[in-house]
Amino acid sequence: MDHLPKDPAILVSSINMLLRDEEFDSLEQLCFSFGRDVSELKQYLRLHGYVYSETQRQMRPIGYDQPATS
């Protein structure tokens, strides 16, 4: 992969795949490799409904860790 995709859904999928397959040890390392600023990437994906989970090492939908309400 030469660059990270711009489409938010494809970007999240790509980030999660690269982290899951242990291509990179951290989101920071991944961003450095692709010349992206970590804060800007997180902000862009937050605007599209995703946050980074440090414990799971993946992008998740906002509210994933909130209890479901009836």
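The structure this text deals with has already been given above.
Residues numbered from 1 in each chain as written. Predicted model: local features only at pLDDT ≥ 70, side-chain atom pairs only at ≥ 80, totals over all residues. Heavy atoms only, no water.

K.L.:
How do you make sense of unusual backbone geometry when you look at a structure like this?
P.N.:
The general pattern is negative phi for most residues beyond glycine and trans for most peptide bonds. A positive phi angle, near 60 degrees, is found at Glu22, a position not held by glycine. Structurally, Glu22 can be placed in the loop between helix H1 (8-20) and helix H2 (27-34). (Helix = DSSP H or I, 4+ residues; strand = E, 2+ residues; numbered from the N terminus.)

K.L.:
Can you walk me through the pairing of strand S1 (residues 50-53) in this structure?
P.N.:
Regular strands have side chains that alternate between both faces of the sheet. As paired strands, S1 and strand S2 (residues 58-61) are joined by four bridges and run antiparallel to one another. Residue Val51 lies in a different strand from S2, and its bridge partner there is Arg60. Connecting S1 to the antiparallel partner S2 that follows it, the hairpin turn spans four residues, and Arg57 within it adopts a positive phi of roughly 55 degrees. (Pairing = 2+ DSSP bridges.)

K.L.:
Help me understand the packing of H1 against helix H3 (residues 38-47), please; the structure alone is not making it clear to me.
P.N.:
The description of two helices packed together rests on the angle between their axes and the distance between the axes. It is at 10 Å that the axes of H1 and H3 come closest, and there the two elements cross at 130 degrees. In terms of orientation, H1 lies oblique with respect to H3. Note on packing geometry: the crossing formed by H1 with H3 is left-handed. Of H3, the residues touching H1 (which contributes Pro8, Leu11, Val12 and Ile15) are Leu41, Tyr44 and Leu45. Its residues assigned to classes, the contact of H1 with H3 comprises seven nonpolar, no polar and no charged. (Axes fitted to C-alpha atoms, helices over the stretch in contact; angles between N-to-C directions. Parallel < 35°, antiparallel > 145°, perpendicular 65-115°, else oblique. Left-handed = near helix turned anticlockwise from the far one by under 90°. Contact = heavy atoms within 4.5 Å. Nonpolar A, V, L, I, M, F, W, Y, C, P; charged D, E, K, R; others polar.)

K.L.:
When you look at the nonpolar core in this model, what are you seeing that I'm missing?
P.N.:
A general tendency of soluble globular proteins is for nonpolar side chains to be buried together. If you look at the biggest cluster of nonpolar residues, it comprises 16 residues, and the most contacted ones within it are Ile15, Leu27, Leu30, Leu41 and Leu45. Listing elements by their share of this core, those giving two or more residues are H1, H2 and H3. Per element, the largest residue contribution to this core is five residues, and it comes from H1. When sequence neighbours within four positions are dropped, the list of residues in contact with Leu41 reads Leu11, Ile15, Leu27, Cys31 and Arg36. (Core = buried A, V, L, I, M, F, W, Y, C linked by side-chain atoms within 4.5 Å. Buried < 20%, exposed > 50% of the residue type's maximum accessible area, 1.4 Å probe, protein only.)

K.L.:
Could you clarify how one ought to interpret H1 in this entry?
P.N.:
For H1, spanning 13 residues, the distance from its first C-alpha to its last is 18 Å, which sits close to the expected 18 Å at 1.5 Å a residue. Among the residues of H1, Pro8, Leu11, Val12, Ser14, Ile15, Asn16, Leu18 and Leu19 are the ones counted as buried. Here the buried face of H1 lies against H2, H3, S1 and S2. Of the residues that open H1, the one with a side-chain oxygen 3.2 Å from the backbone nitrogen of Ala9 is Asp7. One or two steps after H1, the chain reaches Glu22, where phi turns positive at roughly 60 degrees. (Expected span 1.5 Å × (residues − 1). Polar contact = N/O pair within 3.5 Å; in protein donor to acceptor, adjacent residues only side chain to side chain.)

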